[in-house]
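Here is how the chains run, residue by residue.
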Amino acid sequence: EAAVTQSPRNKVAVTGGKVTLSCNQTNNHNNMYWYRQDTGHGLRLIHYSYGAGSTEKGDIPDGYKASRPSQENFSLILELATPSQTSVYFCASGDASQSNTEVFFGKGTRLTVV
Amino acid sequence: TQTVSQSDAHVTVFEGDSVELRCNYSYGGSIYLSWYIQHHGHGLQFLLKYYSGNPVVQGVNGFEAEFSKSDSSFHLRKASVHWSDSAVYFCAVSARANTGKLTFGDGTVLTVKP
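The structure presented is a predicted model; accordingly, all values stated were derived computationally and were not measured.

Caption draft 1: Structural context of the side chain of B:S68. Structurally, the position occupied by B:S68 is in strand β8 (residues 64–68). In this structure the side chain of B:S68 is engaged in a polar contact, spanning 3.2 Å, whose partner is the backbone nitrogen of B:D71.

Caption draft 2: Local environment of the packing of aromatic side chains. One pass over the structure, following the stated rule, counts 16 aromatic pairs over all chains. An angle of 35 degrees between the planes, with centres 6.5 Å apart, marks the rings of A:Y33 and A:Y35 as tilted. Where B:Y50 meets B:F67, the ring centres are 4.5 Å apart and the plane angle is 20 degrees; that geometry is what we call stacked. Of the two residues, B:Y50 sits in strand β6 (residues 44–50) while B:F67 sits in strand β8, which places them 17 residues apart along the sequence.

Caption draft 3: Structural detail: the sheet that holds strand β7 (residues 65–67) of chain A. Residue and element names in this part refer to chain A. With respect to topology, four strands assemble into an open sheet ordered β1-β3-β8-β7, the strand pairing being antiparallel. Each edge of the open sheet carries a strand with a single partner, namely β1 (4–7) and β7. Taking the axes of each pair of neighbouring strands and ignoring which way they run, one obtains an average angle of 20 degrees across the sheet.

Caption draft 4: Here's a closer look at the state of the cysteines. Residue and element names in this part refer to chain B. Counted under the stated rule, the structure contains two disulfides over all chains. Residue pairing for C23: its cysteine sulfur links by disulfide to C91, the two sulfurs lying 2.0 Å apart. A torsion of -65 degrees about the S-S bond marks the disulfide between C23 and C91 as left-handed. Linking C23 in the loop between β3 (19–21) and β4 (24–26) with C91 in strand β10 (residues 87–94), this pair joins segments that are 68 residues apart in sequence. Residue class for C91 comes out buried when judged on its relative accessible area of 0%.

Caption draft 5: Fine view of the interface of chain A and chain B. Each side of the interface is counted separately: chain A has 25 residues, and chain B has 20 residues. Taking both partners together, chain A and chain B bury about 1,800 Å²; carbon and sulfur atoms supply 49% of that area. In this assembly, chain A and chain B are joined by zero salt bridges. Taken together, chain A and chain B are joined by five residue pairs in polar contact (both at pLDDT 80 or more). Residue assignment for the side of chain A that touches chain B shows that the elements contributing at least two residues are β4 (31–37), β5 (43–49) and β10 (103–105) of chain A.

Conventions and cut-offs
- Residues numbered from 1 in each chain as written.
- Chains lettered and ligands numbered in written order.
- Predicted model: local features only at pLDDT ≥ 70, side-chain atom pairs only at ≥ 80, totals over all residues.
- Heavy atoms only, no water.
- Helix = DSSP H or I, 4+ residues; strand = E, 2+ residues; numbered from the N terminus.
- Polar contact = N/O pair within 3.5 Å; in protein donor to acceptor, adjacent residues only side chain to side chain.
- Phe/Tyr/Trp six-rings, centres within 6.5 Å; stacked < 30°, edge-to-face > 60°.
- Pairing = 2+ DSSP bridges.
- Axes fitted to C-alpha atoms, helices over the stretch in contact; angles between N-to-C directions.
- Disulfide = S-S within 2.5 Å.
- Buried < 20%, exposed > 50% of the residue type's maximum accessible area, 1.4 Å probe, protein only.
- Contact = heavy atoms within 4.5 Å.
- Buried area = accessible area lost by both parts, 1.4 Å probe.
- Salt bridge = Lys/Arg side-chain N within 4 Å of Asp/Glu carboxyl O.

See the structure below:
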């Protein structure tokens, strides 16, 4: 079964500190995505990747960096965390084939910046 | 730019009732539509998708959705809900079939009372 695993599941960070959120997928999917979800809203795309070594900006990339060192791993990096980045972050992976638009999501990481 | 509107923030029904969750979108080109479900504390799970052909698509657990180009809509329906259907439902659109670059609506909280 398709699996996307995020770590940590919960994180408290201090303002100005560096935070790295990790994501691992065992689906052998080319595409991976980072979204954030704020209370009462849908998910918004931060960064995405088409494969190892590739990162692209999504709709709200400011304040975030991404890293895709391998097919399986995709990290989201907050170099200088701010309270406005308190949110729930979801990683997802997807197949690049035309016939399959299903995207598989991880369980989320709850980040609190104090 | 595509946008998604889910007009009902909350819907409450009784077990065995039928339900329709509404989704309207705006986008000028070809569009690919999907619905996701999020149970409390979990990531999103795929329900169904539409990108061409029969405008009524069947998904998991008895859900179906109907695409209407004239109304710019993709409403989700279920004939008889179960208490386990209580969750948040997200409508999402993308400009291409093979991408997880999704634009989400704000979600509809469905509560099914026994």
